[in-house]
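Breakdown of the fold
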Amino acid sequence: MDYSKFYLKNYIPEQNDENDDSPVMPRIESRTQPEIIYINPDGEVFDPQLSSTIKSEDAKTEQEDIADEYPKVTRKEPPAKKSFANRFCQTILIFAIVIMSLIVSADFITDGKAIAAITQLADSADVEYYAVLENGVADLEKCKVNAYAMRLQGGAGFTVKNGDDYYNVYELFENKSDAEKYANQNGGKLIELNTDFYDDLSGEMKSYIDYPIRTCADLNNVLASLIAKEITTAQALEKLNGVKEDFAVEYDNMNNAATSDESDKTVVLLANASVALSELERLCDTSVSRPNLACDIRYAVCRIIFTYCYSQ
């Protein structure tokens, strides 16, 4: 059988022998890549890589269709736990709201007396005053002369006895450091006055034990405005008259409350209040001769506080 038509053309085998007449097949170098053509059974040429790409795209489209039909459900993260500080603050806030609600309810039931009592209790906290005693002498008359000289300078010139000598007070201080500074500058003697003598009073009279603190605060406010020249002397007298009228109303209420309380401290407190009222009336009396209004305001403060603290 003749197979010559199936031989690879142009193939020339090597001839080892010069006398060998057999055809020589050409050598195929390893770097030469043969061209491969794919033909399906129908005789059409196709590219397997293109087919695989089409298949992958078809698979992708199918996956997208499935995703559209069954949407992905997002998993919710559990809520973060609250810190201890946040829980503590919320507890305090709730507690405060409850307390305030109870206070408002009690105030509504008692027709406003509950909050008034709490306010008066807060205002009645003990207050210390500091006095600087100056120019101590054994002779009372000489001390009065020194007091008048002090009043000419705007000081209270309030005369007190401490031990065997008499002294003059320029003014009262609520701040101890200010009192010490003034004492060092003027060679005075510092003493402390405490207002806690009436703290154990009970009943309605307890709401009035802070009257000297409130009254003297009003007087000092007028004094500060007068010294700063924010108001004139006439305007200061008008304000002082308002302080006196307000305290006169309070004094009447104290009298009414004292009718059902005959304890010793109630009697003393009411007596001290009468001294304060008389001093305010004198302060507002324009017929009184005075070196200046500032010295009389300081004097009134000294008399009210000293009477309140030393009548025990």
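Calculation notes
Residues numbered from 1 in each chain as written. Predicted model: local features only at pLDDT ≥ 70, side-chain atom pairs only at ≥ 80, totals over all residues. Heavy atoms only, no water. Salt bridge = Lys/Arg side-chain N within 4 Å of Asp/Glu carboxyl O. Helix = DSSP H or I, 4+ residues; strand = E, 2+ residues; numbered from the N terminus. Buried < 20%, exposed > 50% of the residue type's maximum accessible area, 1.4 Å probe, protein only. pLDDT = per-residue confidence, 0-100. Contact = heavy atoms within 4.5 Å. Pairing = 2+ DSSP bridges. Axes fitted to C-alpha atoms, helices over the stretch in contact; angles between N-to-C directions. Parallel < 35°, antiparallel > 145°, perpendicular 65-115°, else oblique. Nonpolar A, V, L, I, M, F, W, Y, C, P; charged D, E, K, R; others polar. Expected span 1.5 Å × (residues − 1). Arc of directions from axis to C-beta.

1. With respect to the pattern of salt bridges
Note that side chains of opposite charge can pair when their charged atoms are close. By the definition in use, this model includes nine salt bridges. Residue Asp 200 is joined to Lys 265 by a salt bridge in which the shortest nitrogen-to-oxygen separation is 2.8 Å. Within this pair, whereas Asp 200 is found in the loop between β4 (189-194) and α6 (211-227), its partner Lys 265 is found in helix α8 (residues 264-283), the two being separated by 65 residues in sequence. For Arg 282, the salt bridge identified is with Glu 279, shortest N-O distance 2.7 Å. Note that Arg 282 and Glu 279 are positioned in helix α8 at a spacing of three residues, about one turn of the helix. Here Arg 282 falls in the partly exposed class, since its relative accessible area comes to 26%. For Glu 279, a relative accessible area of 0% corresponds to the buried category.

2. A word on the confidence of the model for the chain
In this model, the chain carries an average pLDDT of 77, and 63% of its residues clear a pLDDT of 70 or more. In the predicted structure, residues 24-32 sits below a pLDDT of 50 and forms 15 contacts with residues beyond four places in sequence or in another chain. Predicted confidence for residues 116-125 stays below pLDDT 50, and this span has seven contacts to residues more than four positions away or in other chains.

3. Here we look at unusual backbone geometry
Here Asn 135, not a glycine, exhibits a phi torsion of approximately 55°, which is positive. Within the secondary structure, Asn 135 is located in strand β1 (residues 128-137). In this structure Asn 135 comes out as partly exposed when scored by relative accessible area, which is 44%. Despite not being glycine, Lys 229 shows a phi value in the positive range, around 60°. Here Lys 229 is to be found in the loop between α6 and α7 (233-258).

4. Regarding the pairing of β1
Within β1, seven of the ten residues are buried, leaving the element largely enclosed by the surrounding structure. Summarising the sheet, β1 and strand β3 (residues 165-173) pair through five bridges and their orientation is antiparallel. Residue pairing for β3: Glu 134 is matched across the bridge by Asn 168.

5. As for the environment of Ile 227
With respect to the secondary-structure elements, Ile 227 resides in helix α6. C-alpha of Ile 227 to C-alpha of Gly 154: the two residues are 73 residues apart in sequence and 9.9 Å apart in space.

6. Some remarks on the packing of α6 against α7
Between α6 and α7, the least distance of the axes is 10 Å, while the angle of their chain directions is 175°. As summarised for this structure, α6 and α7 are arranged roughly antiparallel, according to the angle between their axes. For the pair formed by α6 and α7, the contact residues are Tyr 211, Arg 214, Thr 215, Asp 218, Leu 219, Val 222 and Leu 226 on the first element and Thr 233, Ala 236, Lys 239, Leu 240, Val 243, Phe 247, Glu 250 and Met 254 on the second. Here the contact of α6 with α7 is built from residues that sort into nine nonpolar, two polar and four charged.

7. What to know about the sheet that holds β3
Read from one edge of the open sheet, four strands run β2-β3-β1-β4, paired in antiparallel fashion. Looking at strand neighbours, the two that pair on one side only are β2 (158-162) and β4, the edges of this open sheet. Across the sheet, the mean angle from the axis of one strand to that of its neighbour is 45°, orientation sign disregarded. In this structure, β2 lies alongside β3, joined through five bridges in antiparallel fashion. If you follow Val 160 over to β3, its bridge partner there is Tyr 167. Helix-sheet contacts for helix α5 (residues 176-186) involve β1, β3 and β4, and the interaxial angle to β1 is about 10°.

8. Observations regarding helix α9 (residues 293-310)
Along an α-helix, residues three or four positions apart point the same way, because every turn accommodates 3.6 residues. Here α9 spans 26 Å end to end across 18 residues, near enough to the 26 Å set by a 1.5 Å rise per residue. Counting buried positions over the 18 residues of α9 gives 14, a clear majority of the element.

9. Here we look at α5
All of the buried residues along α5 are Ala 179, Tyr 182 and Ala 183. Seen end-on, α5 carries its buried residues on one side only, within an arc spanning 100°. Along α5, exposed side chains directed more than 90 degrees from the buried face belong to Lys 181, Asn 184 and Gln 185. Turning to α5, the residues buried within the fold contact β1, β3 and β4. Of the residues flanking the end of α5, it is Gly 187, one or two places downstream, whose phi is positive at about 65°.

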